[in-house]
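Below are the chains, spelled out letter by letter.
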Amino acid sequence: MLKLLKRAPEITPETPDEALVRRAQAGESAAFRALFERHVVAVRRFLRDLLRVADTADDATQETFARAHVQLVKLGDHDRFKPWVLGIARNVAFEARRVRQHDVLDDEDDTVPVAVIPSPDPEAVLLDAELEKHFTSALGLLSENRRAALLMRLDHGLAYEDIAAAFGWSIPTVKNEIHRARLKLRAALLPHLTGERP
């Protein structure tokens, strides 16, 4: 009797993270590659927002996925890969910042802008760039944890439950930290938005 080999289902863009995680945990390298390709842009953007140095963020992205590959067997919530990998990225970023604490992080050549919408009006472009500079500076006033939590919520759209899982915090703590981060950002940006200077 011929033994039929059961082939793994094809990986498509519609294959849920949960299925990819299970397959990767079973040793299927293509499944982890699919998770990497699906989430690498978001992880890199998150790390660039935290670290504000493009080269360091790129290195941290590679380190994040290397750790994720090794630690994937520990992930029990198969449908929460994104918050889990962003939690790893957060830890990698904190380590990278400690290593580079003596380096100047505000070098304009290395600073990655948050988001500037180009405008055909040169004056509007300058105003956008100025506001972006103030926003990046205001983000730098936040503690590392608050900045990471705020970015996970605003930039990556994670639910409070997912952020709590990534940080090991309670949901009320997550909501409180994000609320405080927003208040601090608002206070830092308000003078620039209203044209007033402290």
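All values derive from a computational prediction rather than experimental measurement. (Residues numbered from 1 in each chain as written. Predicted model: local features only at pLDDT ≥ 70, side-chain atom pairs only at ≥ 80, totals over all residues. Heavy atoms only, no water.)

1. Things to note about the pattern of salt bridges
Inference 1: Using the criterion set out here, one finds eleven salt bridges in the structure.
Inference 2: Across the pair Arg48 and Asp58 runs a salt bridge whose closest N-O atoms are separated by 2.8 Å. Here Arg48, found in helix α2 (residues 29–51), pairs with Asp58, found in helix α3 (residues 54–71); they are ten residues apart in sequence, far enough to count as distant.
Inference 3: For Glu63, the salt bridge is made with Arg67, and the minimal N-O distance between the two is 2.7 Å. Here Arg67 and Glu63 lie together in helix α3, a separation of four residues that amounts to about one turn.
Inference 4: By relative accessible area, which is 34% here, Glu63 ends up partly exposed.
Inference 5: Relative accessible area serves as the criterion here: at 23%, Arg67 is assigned to the partly exposed category. (Salt bridge = Lys/Arg side-chain N within 4 Å of Asp/Glu carboxyl O. Helix = DSSP H or I, 4+ residues; strand = E, 2+ residues; numbered from the N terminus. Buried < 20%, exposed > 50% of the residue type's maximum accessible area, 1.4 Å probe, protein only.)

2. Topic: α2
Inference 1: His39 marks the point of greatest bend in α2, at about 50 degrees.
Inference 2: Phi turns positive one or two residues past the end of α2, at Arg52, with a value near 60 degrees. (Bend = angle between axes of the 7 residues up to and from the residue.)

3. A word on the packing of aromatic side chains
Inference 1: In this structure the tally under the stated criterion is three aromatic pairs.
Inference 2: Taken together, a centroid distance of 4.8 Å and an interplanar angle of 80 degrees make the contact between Phe36 and Phe65 edge-to-face. Of this pair, Phe36 sits in helix α2 while Phe65 sits in helix α3; the two residues are 29 residues apart in sequence, bridging distant segments of the chain.
Inference 3: For Phe36, a relative accessible area of 25% translates into the label partly exposed.
Inference 4: Arranged with centres 5.7 Å apart and planes meeting at 50 degrees, the rings of Phe81 and Trp84 form a pair that is tilted. Of this pair, Phe81 and Trp84 are both found in helix α4 (residues 81–99), three residues apart, which corresponds to roughly one turn of the helix. Each member of the pair, Phe81 as well as Trp84, carries the same accessibility label: buried.
Inference 5: The ring of Phe167 has Arg90 sitting right over it, with the charged end atom 4.0 Å from the ring centre.
Inference 6: Across from the ring centre of Tyr160, 4.0 Å away, lies the NZ or CZ of Arg153, which sits over that ring. (Phe/Tyr/Trp six-rings, centres within 6.5 Å; stacked < 30°, edge-to-face > 60°. Lys NZ or Arg CZ within 6 Å of the ring centre and 35° of its normal.)

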